[in-house]
Amino acid sequence: MKKVLEVCVDSLSSARAAAAGGADRLELCSALVVGGLTPSVELLEQIRENCSLPVRCLMRPRAGDFLYDAEELDLLCRQIRRLRAAGADGFVLGALTPDGALDVPAMERLLETCGGRPVTLHRCMDVSCDPEATYRAAAGLGVDTVLTSGGAAACEEGVPVLERLLALRDAQNGPEVLIGAGVQAAVVRRLRVRLPGACAFHMSGKVLRESGMRFRKEGVPMGLPGLDEWHIQQTDAAAVQAAKAALEEPLP
């Protein structure tokens, strides 16, 4: 299987850093601090003008769960069509039923709107009721990649599930298993030893960049309580470069 290092970015600065570090692909979103939301067309256009890496756009209309009503699905389809026209290479999406299974009718509609572009099933898989059943359903829909931590808060805690998903991939020639959540160079090394079939990893490689503001009004949060407005998350090229090196190293 081809080795892939995907980096999740929400700004041009982060996209440039990911490219400088040797990323193979970008997942583009907005609002990474809340897990990522659908990016703007203008941000995609800006990145396409300045970066040659393939870009898959995250389709998530709001923070929270992955149970979408008819209006939210309509919005997602509108967003997909606009991002397709702006040059998105693929999409990252997912929808669940109230009981935690993959919402196949919703997925069919979203996939049809993607117009044949490659699709990653995002980490809704990790909060589904049965990740292996979700993987099989995604495979049946023609999804080419699943992004997963193995149903855990961090990927190193999800090794047993990841191992089963990789076995399903190999047995069924199924979607690639893109491992995410807590990925950095040391994790890539450890997981490649524990999971010899693992060859695709997803990271953000974030560091906190100090704000350039000299005047700082405290006690007036702009969003989530406790969110620090004076440090900006940005992808670190060195972190990406280290993870890429760990992915390319021969296995012991």
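Our subject is the structure that appears above.
What counts as what
- Residues numbered from 1 in each chain as written.
- Predicted model: local features only at pLDDT ≥ 70, side-chain atom pairs only at ≥ 80, totals over all residues.
- Heavy atoms only, no water.
- Helix = DSSP H or I, 4+ residues; strand = E, 2+ residues; numbered from the N terminus.
- Buried < 20%, exposed > 50% of the residue type's maximum accessible area, 1.4 Å probe, protein only.
- Polar contact = N/O pair within 3.5 Å; in protein donor to acceptor, adjacent residues only side chain to side chain.
- Contact = heavy atoms within 4.5 Å.
- 1 Å grid on protein atoms, 1.4 Å probe; cavity = no way out; pocket = protein on both sides within 12 Å on 5 of 7 lines; lining within 4 Å.
- Points joined across faces, edges and corners; volume = space filled by probe spheres on them.
- Nonpolar A, V, L, I, M, F, W, Y, C, P; charged D, E, K, R; others polar.
- Arc of directions from axis to C-beta.
- Axes fitted to C-alpha atoms, helices over the stretch in contact; angles between N-to-C directions.
- Parallel < 35°, antiparallel > 145°, perpendicular 65-115°, else oblique.
- Left-handed = near helix turned anticlockwise from the far one by under 90°.
- Salt bridge = Lys/Arg side-chain N within 4 Å of Asp/Glu carboxyl O.

Observations regarding the side chain of S128
Alright, step 1. Tracing the chain through its elements places S128 in the loop between β5 (119-121) and α5 (131-141).
Alright, step 2. In this structure S128 comes out as buried when scored by relative accessible area, which is 10%.
Alright, step 3. A polar side-chain atom of S128 sits 2.7 Å from the main-chain carbonyl oxygen of M125.

Details of the environment of M203
Alright, step 1. Here M203 is to be found in strand β8 (residues 200-203).
Alright, step 2. Spatially, the C-alpha atom of M203 lies 31 Å from that of E71, the residues being 132 residues apart in sequence.
Alright, step 3. In this structure M203 touches L5, E6, V7, C8, V183, Q184, A239, V240 and A243, once residues within four positions along its chain are discounted.

Section: unusual backbone geometry
Alright, step 1. Positive phi outside glycine occurs at N173, with the angle close to 50°.
Alright, step 2. Its place among the elements puts N173 in the loop between α6 (159-172) and β7 (176-179).
Alright, step 3. Despite not being glycine, A181 has its phi angle at roughly 85°, a positive value.
Alright, step 4. Locating A181 in the fold gives a position in the loop between β7 and α7 (185-194).

Structural notes on the layout of surface pockets
Alright, step 1. Here the largest pocket defines a volume of roughly 480 Å³.
Alright, step 2. Along the wall of the largest pocket there are 21 residues; nearest its centre are L32, G35, R123, L147 and H202.
Alright, step 3. Size it by volume and the second largest pocket reaches roughly 250 Å³.
Alright, step 4. D10, A31, L32, V33, L208, L227, D228, E229, H231, I232 and Q233 are the residues that line the second largest pocket.
Alright, step 5. Looking at which element gives the most residues to the lining of the second largest pocket, the answer is strand β10 (residues 231-235), with 3 residues.
Alright, step 6. By residue class, the composition of the lining of the second largest pocket is 6 nonpolar, 2 polar and 3 charged.

Here's the deal with helix α2 (residues 41-50)
Alright, step 1. Looking only at α2, the buried set comprises V41, L43, L44 and I47. Burial along α2 is one-sided: seen end-on, the buried residues are contained in an arc of 160°. For α2, the exposed residues lying more than 90 degrees away from the buried face are E42 and E49.
Alright, step 2. Buried positions along α2 lie against α1 (12-21), β2 (25-28), β3 (55-58) and α3 (70-85).

What to know about the packing of α7 against helix α8 (residues 237-248)
Alright, step 1. At a closest axis distance of 8 Å, the pairing of α7 and α8 adopts a crossing angle of 15°. Taken together, the axes of α7 and α8 are roughly parallel relative to one another. Along this stretch, α7 crosses α8, giving a crossing that reads as right-handed. Of α8, the residues touching α7 (which contributes A185, V188, R189 and R192) are A242, A243, A246, L247 and E248.
Alright, step 2. Residues of the contact of α7 with α8, tallied by class, amount to 6 nonpolar, no polar and 3 charged.

Details of the packing of α3 against helix α4 (residues 104-114)
Alright, step 1. Contact pair α3 / α4: the axes reach a minimum separation of 9 Å and the direction vectors enclose 20°. One element, α3, and the other, α4, form an angle in the roughly parallel class. For the crossing formed where α3 meets α4, the hand is right-handed. Contacts between α3 and α4 pair A70, L73, D74, L76, C77, I80, R81 and R84 from the former with A106, R109, L110, T113 and C114 from the latter.
Alright, step 2. In the contact of α3 with α4, the residues fall into 8 nonpolar, 1 polar and 4 charged.

Some remarks on the pattern of salt bridges
Between side chains of opposite charge, pairing is possible as soon as their charged atoms come close.
Alright, step 1. One pass over the full model with this rule turns up 14 salt bridges.
Alright, step 2. Two residues, R48 and D89, come together in a salt bridge whose shortest N-O distance is 2.3 Å. Taken together, the positions of R48 in helix α2 and D89 in the loop between α3 and β4 (90-93) put the pair 41 residues apart, joining distant regions of the chain.
Alright, step 3. Residues R169 and D170 are paired through a salt bridge, measuring 2.9 Å at the closest nitrogen-oxygen approach.
Alright, step 4. Members of the salt-bridge network, linked through shared partners, are R62, D65 and E72.

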